[in-house]
Amino acid sequence: MLAVKMLIREIRNGDVLTLLFALILSVSTVTGIDLFVDRLQTSFTVQSATLLAADRVVRSNAAISAERVEYAREQSLEVAQKTSFSSMVFSNEGLQLSQVSAVTESYPLRGSYLIDNESFGVGYEVENGPKIGEIWVSSRLASLLDVTIGDAVFVGEKELVIKHFLVRDPGSTGSAFAIAPRAVINQGDLVATEVIQPGSRARYSLLLAGDEEGLNQYEEWVTPNLQKGERWRTPKSGGQGVNAAINRAESFLLLAGTLAVVMSGVAMALASSRYVRRHLTQVAVIKTLGATPKKIASILLSQLAIIFIVGTGVGLLLGWLIQEMIALSLASLLSTVLPNASITNLWLGFITGLMSLLAFCLPLLMRLFNVSPLTVLHPAGKIQLKSLQLYIVALLGMYLLMVIYTGGVLLPSIMIVAIFVVAMVIGLIGFALFKLGRQLTSGVVSGWQIGLASLHRRLMGNLFQLLVFTLIIMLGLILIGVQSSLVSDWQKQLPNDAPNHYLFNVQESEVAQISDIANELQIPVNEWYPMVRGRVFQINGQEADTLIIEGKEEPELLSREMNLTWSNTLGEDNVLLEGEFGSDIQGLSIEESAAKEINLKLGDVIGIKIGGLDYQLPITSIRSVDWSSMRPNFYLILPQSILSDFPANYVSSVFIEKENVQSFYKKMADFPTVSMLNVGDLIQQIQTIIAQVSQAIQLVLFFILSSAVLVLNASVRASLDERLEEGALLRTLGASKTLIRQSMLVEFGFLGFSAGVIGALAAELCLFGLQTFVFELTPTFHPLMWILGPTTGFFVVSIIGLYAGKSVLTVPPMRMLRSL
Amino acid sequence: MKTNLAIKTQNLTHTVKTAEEELTILNDVSIQITEGESVAIVGASGSGKSTLLGLIAGLDVSSSGDVFLYDHNLSALDEESRADVRGKYVGFVFQSFHLLPSLTALENVMLPGELKGDKEAKQKATEFLNQVGLSHRLQHYPRQLSGGEQQRVAVARAFASTPKVLFADEPTGNLDSDNGKIVTDLLFGLNEKQGTTLVLVTHDQGLAQRCSRQILMSSGRISEPTPLVEE
């Protein structure tokens, strides 16, 4: 086939290779990032699942119906059950109200129990819960009951033997308000305890695990007919702190992928325009040899198809290898193994390849179909390559790709507007700069003059190049900016000394004593909050029960008895969004998401039942709460005047270093009624995820910046022919190497520097938009970018330019002129 | 139309629009060239020689008037059909050679045959390169050849498609006199051997004088055949 034959000949010449490389770059970058993001997401889901002890959970206030279990089995899902309840646990020495859970053999489906044989030990992992006749108790419960391993205790009517100390119960780490010390028994012993009677308050969980398809099938079946008191839990519905981190990381990686799309688009367009420019005359010559426009079109399109197949194929393969490498290097850093990449995700790379060729290459190539054969006689009859139409098609293609990539329009729109604005600004600033440069140096005969004069002479070409340089530098800076502000924001959010224990059930008289103990051990204690139980029963006079929509999840505010507090100042992790907050305000303050869930606004009146008394209070403020701060936080904050009449328990959170844990626990044994919840594991999990994400985005950043340099290189080379010709001419006219080198340095350096300055400005503006709208972070100023942009621009562009143009200094001018 | 007439133009006029005015490049040109003839189109720069060549070779369409290449009225054909006609009847040699840089000498000469799907393209190309004395340069790329050698490759390429009419635009314009002579000898030798009609545009008086006839162009019109006017 002629097209293949001609393509192979072209490849030897290098022009097709440039195009092919650009395509490979674009496909592999997008594929690599996409596959990697997918693996990270799966990994996050897996990690979150260990917090849930399953992939999905149906939680209910009533016993799980057989139908629910049956359907799960039909979908080939793994099933486990857990029943949690409060009960007295008795020993010969005493009795203690405990939070007991009874689990089936297969529990947990995800994650593991942490147990120990030493009281207050750090624990080791086991896959399954206690056997029949066994009970595992927390060290605190054991010390309250004064029992140890091998002793017998009673749960209700059933005698059980303590087998281990329970350190961590998977699936319970997230429920921060479980107050009593914990114990776990086998579900097989549950009936014998006779604790669960009709009307008993217990929480039943049906845990499910299996493949996505089965889980989704189950979700579709169960969610429309959830009964009152039933909830559908997914890994994403818990652990808000983790989710925020993951969502932002996802946004970042998507952004990175989007920028990769833009960059490879630029690379494709550059390579294509160079290809087309160099082939104008060639196509005209072939036409004089009798090739019809149809024939030309069929040859070029077949070649494009071959380039597509080869480029996309290699790109996909390379993308796969790249993400595999990133994953491997991450695995060694974090000793975690990411789940395997899925082949089905390769379609995005495929689409990218196709769209890149359609948007960036085909429109240019089509110009070749219509080249007049007369071009061979009149080179002046060359077609115009730069036209509005081409830019519109390219921008449209880029936008479409970004929309496909991000699955939304916000990020792509910000990027396209940015590119557009940058183009406009560059048109103006660049024009003025080049003009000014020319004027400043008029009359001076030096490399400076020649360099600046060339900038002005090839105004349109240089402005276009300035645009490309600026875009690339801007994109690089945006990524660096977002990455550093994300990472520092995460580190700020969960510092190493984030509270890792909650203290509950503290009586007012004990607050000072416990604070003293903590001080003695140099353990920082956060603010103490009084806690009173209450229940929302009315909203604007309407009964709460009537507001719960059948089949939908119960709103947080209405679903249960909740903890209320009073406070005269807002906690540091709270932000007042609307209304007023303070000691003299006679209304309640509500958390943002709880308010949104049932469309509450300032002035709405909420009826609350506390200790048998009803109160009607207007909403006087709405706050946002950083749930990932690990400090006690409340959906509702009431006026002190109301709550101070009720007996309150106090709650606080502390950070205890590992070496202090034992001694603090031992001192706390003097306060048997105080409950402690260790959330250290949860925090560590979040920190691991954050570290993982930070590492990942740094690697991706490095990856993208490397491709940015490649694109810069392509862009410099695209403009080289004309420059080389000029240099060769200058040399034949007797110009010294130094003069030419100097003039090239001035030209490239000036372009690079200007691109850096404009790029920094544009990046600063984009970052403002991205931080505000996409990442929801506080916008910050980035002084580093203003140094990094211009210096990188100057050095990288000059070095690439001088290196690529060095042939003009070494090759005899005659040969140089002839080869062009 | 008689078959021994290779080219005929009737009242050929060509104008181009510029920003200010409409420029008439060719004005009412009527010529006839018989098969096997060798014709030199001469005239000062800007007199319309190359435009005339482009029109009669079917590279462009005139604003008005007709061009017949054998039985084909080029003015009435679209680019698709004109390309077909070019492939069948026409060969070109250009001043700046216009070899494809990514192809070797052999591949350049094979190209016309390959475009027609000729299975013997390679063999024929080798033969023609042999005839222009470049059998030792088959695998060289244009950039590895001297100007004279490149033009000889171009000549071989032009004759490889066994054209009925060979158009040459300043074929010796970029060559020194020795190489110019070699190329000229080749053109006329092959012309004679294959019975090709030769139409060339040139400033080279020697080259023009070897042709059987000269057409002198002046300001877009045909003047009487006179000795060449130097620029």
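Residues numbered from 1 in each chain as written. Chains lettered and ligands numbered in written order. Predicted model: local features only at pLDDT ≥ 70, side-chain atom pairs only at ≥ 80, totals over all residues. Heavy atoms only, no water.

### Remarks on the overall build of chain B
A tally of regular secondary structure across chain B gives 7 helices and 11 strands. Going through the 231 residues of chain B one by one, you find that 55% of them count as buried. Counting only contacts in chain B whose residues sit at least 6 apart along the sequence, the fraction spanning at least 24 positions is 69%. Surface accessibility of chain B: about 9,700 Å² in total, with carbon and sulfur atoms responsible for 46%. (Helix = DSSP H or I, 4+ residues; strand = E, 2+ residues; numbered from the N terminus. Buried < 20%, exposed > 50% of the residue type's maximum accessible area, 1.4 Å probe, protein only. Contact = heavy atoms within 4.5 Å. Areas by Shrake-Rupley, 256 points an atom, 1.4 Å probe, with all protein chains shown as cover.)

### Here we look at helix α14 (residues 508–520) of chain A
All names here are of chain A. All buried positions along α14 are accounted for by E510, V511, I514, S515, I517 and A518. Take α14 and look down its axis: the buried residues cluster within an arc of 160 degrees, on one side only. Residues S509, N519 and E520 are exposed on α14 and point more than 90 degrees away from its buried face. Looking at the buried positions of α14, the neighbouring elements they touch are β12 (501–506), β21 (649–654) and α19 (658–668). (Arc of directions from axis to C-beta.)

### Section: the sheet that holds strand β8 (residues 165–169) of chain B
All names here are of chain B. Ordered in space as β7-β8-β9-β4-β10-β11, the 6 strands form an open sheet in which the pairing is mixed. At either end of the open sheet lies a strand with only one pairing partner, and these are β7 (90–93) and β11 (221–223). Going from strand to strand, the sheet's axes swing by 25 degrees on average, the running direction of each strand aside. Contacts from helix α6 (residues 177–194) reach β4 (38–43), β7, β8 and β9 (197–201), with the element oriented near 155 degrees to β9. (Pairing = 2+ DSSP bridges. Axes fitted to C-alpha atoms, helices over the stretch in contact; angles between N-to-C directions.)

### What to know about unusual backbone geometry
A cis amide bond links Y107 of chain A with the next residue in sequence, P108 of chain A, at an omega value of -5 degrees. Looking at where P108 of chain A falls in the secondary structure, it is placed in the loop between β3 (95–103) and β4 (113–116). The backbone of N540 of chain A sits at a positive phi, close to 50 degrees, despite the residue not being glycine. Locating N540 of chain A in the fold gives a position in the loop between β13 (529–539) and β14 (542–543). Positive phi is not limited to glycine here, since S219 of chain B has a value of about 50 degrees. Relative to the assigned elements, S219 of chain B resides in the loop between β10 (213–218) and β11.

### Notes on the confidence of the model for chain B
Residues and elements named next belong to chain B. Chain-level pLDDT for chain B is 87 on average; 95% of the residues reach the 70-or-more range. Note on residues 226–231: pLDDT under 50 across the span, and 13 contacts to partners over four residues away in sequence or across chains. Scoring the predicted complex yields pTM 0.67 and, for the interface, ipTM 0.87. (pLDDT = per-residue confidence, 0-100.)

### Quick notes on the pattern of salt bridges
In the structure shown here, the tally under the stated rule is 15 salt bridges over all chains. The residue K596 of chain A makes a salt bridge to E592 of chain A at a minimum N-O spacing of 3.5 Å. Remark: E592 of chain A and K596 of chain A occur in helix α17 (residues 592–597); sequence separation between them is 4 residues, near one turn of the helix. The exposure class assigned to K596 of chain A is exposed, which follows from its relative accessible area of 59%. Classification of E592 of chain A as partly exposed rests on a relative accessible area of 28%. Between K609 of chain A and D614 of chain A there is a salt bridge, and its shortest N-O distance comes to 3.2 Å. Via salt bridges that share partners, E79, R82 and R86 of chain B belong to a single interconnected network. (Salt bridge = Lys/Arg side-chain N within 4 Å of Asp/Glu carboxyl O.)

### So, the environment of I24 of chain A
Within the element layout of this structure, I24 of chain A appears in helix α2 (residues 15–52). Between the C-alpha atoms of I24 of chain A and S264 of chain A, which are 240 residues apart in sequence, the distance is 9.0 Å.

### Quick word on the side chain of E79 of chain B
Mapped onto the fold, E79 of chain B is located in helix α2 (residues 79–89). The exposure class of E79 of chain B is buried, given its relative accessible area of 18%. A distance of 3.1 Å separates the side chain of E79 of chain B from the side chain of R82 of chain B, its partner in a polar contact. Once you skip the residues sitting within four places of it in the chain, E79 of chain B turns out to touch K287, P293 and P373 of chain A together with R86 of chain B. (Polar contact = N/O pair within 3.5 Å; in protein donor to acceptor, adjacent residues only side chain to side chain.)

### Some thoughts on the nonpolar core
Grouped together as the largest cluster of nonpolar side chains are 173 residues, with contacts concentrated most on L255, M474 and I478 of chain A together with F167 of chain B. In terms of residues, this core owes the most to one element, helix α7 (residues 240–288) of chain A, which gives 21 residues. (Core = buried A, V, L, I, M, F, W, Y, C linked by side-chain atoms within 4.5 Å.)

### A closer look at the interface of chain A and chain B
Many analyses report the size of an interface as the accessible area lost when the parts associate. On the side of chain B, 31 residues touch chain A, which itself brings 28 residues to the contact. Across the interface of chain A and chain B, roughly 2,700 Å² is buried in total on both sides, 62% from carbon and sulfur atoms. Area buried by chain A at its contact with chain B is led by R9, L289 and L377 of chain A, which between them contribute 25% of it. At the boundary of chain A with chain B, the tally comes to 1 salt bridge. Between E114 of chain B and K5 of chain A there is a salt bridge, with the nearest N and O atoms lying 3.2 Å from each other. (Buried area = accessible area lost by both parts, 1.4 Å probe.)

### Regarding the confidence of the model for chain A
Here chain A shows a mean pLDDT of 80. Residues at 70 or above account for 88%. Confidence, expressed as mean pLDDT per element, reaches its minimum in chain A at helix α25 (residues 813–819) of chain A with 61 and its maximum at strand β7 (residues 152–155) of chain A with 92.

### What about the environment of L477 of chain A?
Along the chain, L477 of chain A turns up in helix α13 (residues 459–493). The contacts of L477 of chain A, once residues within four sequence positions are left out, are G759, A760, A763, L767, M785, L788 and G789 of chain A.

### Re helix α10 (residues 388–406) of chain A
Residues and elements named next belong to chain A. Between the first and last C-alpha of α10 there are 27 Å, a value that for 19 residues agrees with the 27 Å anticipated at 1.5 Å per step. Residues of α10 that are buried: L390, A394, G397, M398, L401, M402, Y405 and T406. On an axial view of α10, the arc spanned by its buried residues comes to 150 degrees, and they lie on one face. Facing away from the buried side of α10 by more than 90 degrees, the exposed set consists of L388, Q389 and L396. G407 occupies a position one or two residues after α10 and carries a positive phi of about 70 degrees. (Expected span 1.5 Å × (residues − 1).)

### Structural notes on the packing of helix α21 (residues 720–732) of chain A against helix α22 (residues 737–774) of chain A
Residue and element names in this part refer to chain A. Closest axis-to-axis distance for the α21/α22 pair is 10 Å, and the angle between their directions is 155 degrees. In this view, α21 runs roughly antiparallel relative to α22, as classed from their interaxial angle. Two packed elements cross with a definite hand, and for α21 against α22 that hand is right-handed. On α22, the residues touching L720, R723, G727, L730 and R731 of α21 are K737, I740, E747, F748 and L751. When its residues are assigned to classes, the contact of α21 with α22 shows 5 nonpolar, 1 polar and 4 charged. (Parallel < 35°, antiparallel > 145°, perpendicular 65-115°, else oblique. Left-handed = near helix turned anticlockwise from the far one by under 90°. Nonpolar A, V, L, I, M, F, W, Y, C, P; charged D, E, K, R; others polar.)

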